[in-house]
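Spelled out, the chains give:
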Amino acid sequence: MRLTFLDVKRLHIDTTPDTLIVMEDEVDRLVAAWRRERPDLDVEPLEVLSRVSRLARHLDRARRTAFAEHGLEPWEFDVLTALRRAGSPYQLSPGQLLTQTLVTSGTMTNRIDRLTGKGLVKRLPDPDDRRGVLVRLTDDGRDRADQALAGLLAHERALLAELSAGQQGELAGLLRQLVAPFDNVPG
């Protein structure tokens with residue numbers, strides 16, 4: 001048996017290119033230690049959720065890097081892209097932004113103030129509510145959101161490069177099944 005390619009994640013054997021020998025990861029070592037130390041406990045959930053947690057940390061780093069390349073913080077990206085997804089004229093009420101970004105009204109007010117100061121959004125009077133305002137993306141805000149999104153997608157593609165399109169679809173479906181109950185909780 002001769003090795004044709006070796007990386008830190010997988011070992012490919014040239015006699016059977018479709019056969020993969022998956023190498024051990026940190027979660028395997030963690031689970032083995034818990035099984036040794038606490039054989040009375042079923043540590044099976046760690047097999048999945050510890051990997052999800054570790055992946056989330058890697059994704060957070062990739063997101064921060066992608067946003068920093070465009071001069072944005074993660075929270076700035078969240079607000080700008082919520083407005084961008086709203087479609088032309090790229091505006092929402094502060095309450096709608098709260099719903100989409102899951103922050104308090106005080107936090108959102110501060111974020112809108114800071115983004116306004118940077119020229120990325122502007123406040124406009126709400127024509128349907130004389131006491132209300134709408135938050136609208138400026139052209140610069142829209143451009144920065146678009147550029148940061150393109151950068152983020154490049155980083156995320158790199159994170160998923162080891163999976164085929166089919167595997168990515170399967171993983172997305174399984175994760176959706178786990179996340180949906182949390183996203184559909186009222187309030």
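Conventions used here
- Throughout this document, residue positions are counted from 1 along each chain, in the order its sequence is written.
- It should be noted that, the model being predicted, local features are given only for residues of pLDDT at least 70 and side-chain atom pairs only at 80 or more, the latter also being counted only at that level, while totals for whole chains, interfaces and linings use all residues.
- The side-chain figures draw on all heavy atoms in the structure; neither hydrogens nor water molecules are used.
- Think of it this way: any DSSP run of H or I at least four residues long counts as a helix, any run of E at least two long counts as a strand, and we number them from the N terminus.
- A simple rule labels every residue: compare its accessible area, found with a 1.4 Å probe on the protein chains alone, to the largest value its type can have, and call it buried under 20%, exposed over 50%, or partly exposed in between.
- We call two residues in contact when some of their heavy atoms are within 4.5 Å.
- With residues, only the protein chains shown are counted as cover, and all accessible areas are computed by Shrake-Rupley using a 1.4 Å probe.
- Note on patches: the residues involved have over 30% relative accessible area and no salt bridge, like charges join within 9 Å, and the nonpolar side chains Val, Leu, Ile, Met, Phe, Trp and Tyr join within 5 Å.
- We define a salt bridge as a contact between a side-chain nitrogen of Lys or Arg and a carboxyl oxygen of Asp or Glu at a distance within 4 Å.
- Only four residue types enter the tally: Lys and Arg on the positive side, Asp and Glu on the negative side, with His and both chain ends excluded.
- In this scheme, strands are said to pair when DSSP sees at least two bridges between them.
- Geometry is summarised by axes, namely lines fitted to C-alpha atoms with helices restricted to the contacting stretch, and by angles between N-to-C directions that run from 0 to 180 degrees.
- We call two directions roughly parallel when the angle between them is under 35 degrees, roughly antiparallel when it is over 145, roughly perpendicular when it lies between 65 and 115, and oblique otherwise.
- Under the scheme applied, nonpolar residues are Ala, Val, Leu, Ile, Met, Phe, Trp, Tyr, Cys and Pro; charged residues are Asp, Glu, Lys and Arg; polar residues are all the others, including Gly.

Another aspect to go through is the overall build of the chain. Within the chain, the secondary structure is distributed over seven helices and six strands. Its helices and strands in sequence order give the chain the pattern β-β-β-α-α-α-β-α-α-β-β-α-α, from N to C terminus. By the burial criterion, 22% of the 187 residues in the chain qualify as buried. In the chain, the share of contacts with a sequence separation of at least 24, taken over all contacts with a separation of at least 6, comes to 41%. Of the roughly 12900 Å² of accessible surface on the chain, a fraction of 56% belongs to carbon and sulfur atoms.

Moving on: a nonpolar patch on the surface. A cluster of nonpolar residues, Val48, Leu49, Val52, Leu171, Leu175, Leu178 and Val179, forms a patch on the protein surface that exposes about 530 Å² of accessible area. Looking at the nonpolar patch, the elements with two or more residues in it are α2 (44–68) and α7 (165–183). Here Val48 shows up in helix α2. For Val48, a relative accessible area of 46% corresponds to the partly exposed category.

Take unusual backbone geometry next. Note that the residue after Ser88, namely Pro89, is joined by a cis bond; omega there is 10°. Of note, Pro89 is situated in the loop between α3 (74–85) and β4 (91–92). Of note, Tyr90 is a non-glycine position whose phi angle comes to about 60°, a positive value. Its identity as a non-glycine residue notwithstanding, Leu102 has a phi of 60°, on the positive side. Within the fold, Leu102 resides in the loop between α4 (94–101) and α5 (105–117).

Time to look at the side chain of Arg111. Following the sequence through the fold, Arg111 ends up in helix α5. The buried charged residue Arg111 lacks any salt bridge, with Asp78 as its nearest oppositely charged partner at 5.6 Å. Ignoring anything within four residues of it in the chain, the contact list for Arg111 reads Trp75, Val79 and Val103.

As a further point, take the pattern of salt bridges. For side chains of opposite charge, pairing can occur when their charged atoms come near one another. Under the defined criterion, the tally for this structure stands at 18 salt bridges. Bridged by salt links that share partners, the residues Asp25, Asp28, Arg35, Glu44, Glu47 and Arg51 form one connected network.

Moving on, we come to the pairing of strand β6 (residues 129–137). Looking at chain direction, β4 and β6 are connected through two bridges and run antiparallel. Bridge pairing links Leu92 to Val135 in β6. Alignment of strand β5 (residues 121–126) against β6, held across six bridges, turns out to be antiparallel. When the sheet's bridge partners are listed, Val121 is paired in β6 with Leu137.

What follows concerns the packing of α4 against α5. Running from N to C, α4 and α5 point in directions that differ by 110°, and their axes come no closer than 10 Å. Considering their axes alone, α4 and α5 lie roughly perpendicular with respect to each other. When α4 is examined against α5, the residues Pro94, Leu97, Leu98 and Thr101 are found in contact with a partner set consisting of Ser105, Met108 and Ile112. In terms of residue class, the contact of α4 with α5 is built from five nonpolar, two polar and no charged.

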